[in-house]
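Listed here are the chains, written in short residue letters.
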Amino acid sequence: MIDAIQSVGAFSAMKETEGTSLTASSALITPGAGAAVPQSQSFAEVLGNMATDTIRSMKSAEGASLQAVRGEANTREVIDAVMNAEQSLQTALAIRDKVVSAYLEIARMQI
């Protein structure tokens, strides 16, 4: 589960974007401290990247499963791919549930 959360990039590290990486610790560094200003991603981009990664891991697991059926892949590779896809899917579902819950909470607020 930890690997899946790190791949999201919103919790502990941002993915590399145009050659610049942003970690949680470097986000706290001020530009005057000699560090270049890293480019940040919008919330929609982070969610889009997460969805793309989830789809990619699902396709990888499907491909590994097909290779196993053909007898071209060993069991360990198939299990690793399927477990990775399962973790990614569970993470995506948990984030979706939190986003829906937050939306419903905002919708209930009185103006």
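Remember, it's a predicted structure, so these values are computed and weren't measured experimentally.

Colleague: Quick rundown of the overall build of the protein? Include the residues and the values.
Modeller: Scanning the protein for helices and strands turns up 3 helices and 0 strands. Of the regular secondary structure in the protein, the N- to C-terminal order runs α-α-α. Considering the protein as a whole, with its 111 residues, one finds that 19% of them fall into the buried category. Sequence-distant contacts, at least 24 apart, represent 53% of the contacts inside the protein between residues at least 6 apart. A total of about 8300 Å² of accessible surface is found on the protein, and carbon and sulfur atoms cover 59% of it.

Colleague: Can you tell me about the packing of helix H2 (residues 43–70) against helix H3 (residues 75–108), naming the residues and giving the values?
Modeller: Relative orientation and spacing of two packed helices are given, respectively, by the angle between their axes and the distance between those axes. The geometry of H2 relative to H3 is characterised by a closest axis approach of 8 Å and an angle of 150° between their N-to-C directions. Comparing their axes, H3 and H2 come out roughly antiparallel. Remark: the crossing between H2 and H3 carries left-handed chirality. Side by side, H2 and H3 meet where Phe-43, Leu-47, Met-50, Thr-54, Ser-57, Met-58, Ser-60, Ala-61, Ala-64, Ser-65 and Ala-68 of the first sit next to Val-78, Ala-81, Val-82, Asn-84, Ala-85, Ser-88, Leu-89, Ala-92, Ile-95 and Val-99 of the second. Considering only residue class, the contact of H2 with H3 consists of 15 nonpolar, 6 polar and no charged.

Colleague: Please set out the confidence of the model for the protein residue by residue, giving values where relevant.
Modeller: Predicted confidence across the protein gives a mean pLDDT of 76, with 66% of residues reaching 70 or more. Mean pLDDT values for the elements of the protein range from 43 in helix H1 (residues 2–8) up to 94 in H3. Ignoring residues within four places in sequence, the model shows residues 1–31, a span with pLDDT below 50, making 39 contacts including any to other chains.

Colleague: Could you give me a rundown of the side chain of Thr-54, with the residues and numbers involved?
Modeller: Locating Thr-54 in the fold gives a position in helix H2. In this structure Thr-54 touches Ser-88, Leu-89 and Ala-92, once residues within four positions along its chain are discounted.

Colleague: How would you explain the pattern of salt bridges if you had to name every residue and give the values?
Modeller: Summed over all chains, the structure comprises 4 salt bridges. Among the salt bridges present, the one from Glu-72 reaches Arg-70, with a minimum N-O distance of 3.8 Å. Between Asp-80 and Arg-76 there is a salt bridge, and its shortest N-O distance comes to 3.5 Å. Remark: Arg-76 and Asp-80 occur in helix H3; sequence separation between them is 4 residues, near one turn of the helix. Given the relative accessible area of 39%, Asp-80 is considered partly exposed.

Colleague: Report on a nonpolar patch on the surface, specifying residues and quantitative values.
Modeller: On the surface, Met-58, Leu-89 and Leu-93 cluster together into a nonpolar patch covering about 230 Å² of accessible area. As for its position among the elements, Met-58 is in helix H2. Residue classification places Met-58 among the partly exposed positions, given a relative accessible area of 36%.

Definitions and limits used
Residues numbered from 1 in each chain as written. Predicted model: local features only at pLDDT ≥ 70, side-chain atom pairs only at ≥ 80, totals over all residues. Heavy atoms only, no water. Helix = DSSP H or I, 4+ residues; strand = E, 2+ residues; numbered from the N terminus. Buried < 20%, exposed > 50% of the residue type's maximum accessible area, 1.4 Å probe, protein only. Contact = heavy atoms within 4.5 Å. Areas by Shrake-Rupley, 256 points an atom, 1.4 Å probe, with all protein chains shown as cover. Axes fitted to C-alpha atoms, helices over the stretch in contact; angles between N-to-C directions. Parallel < 35°, antiparallel > 145°, perpendicular 65-115°, else oblique. Left-handed = near helix turned anticlockwise from the far one by under 90°. Nonpolar A, V, L, I, M, F, W, Y, C, P; charged D, E, K, R; others polar. pLDDT = per-residue confidence, 0-100. Salt bridge = Lys/Arg side-chain N within 4 Å of Asp/Glu carboxyl O. Patch = residues over 30% accessible without salt bridge, like charges linked within 9 Å, V, L, I, M, F, W, Y side chains within 5 Å.

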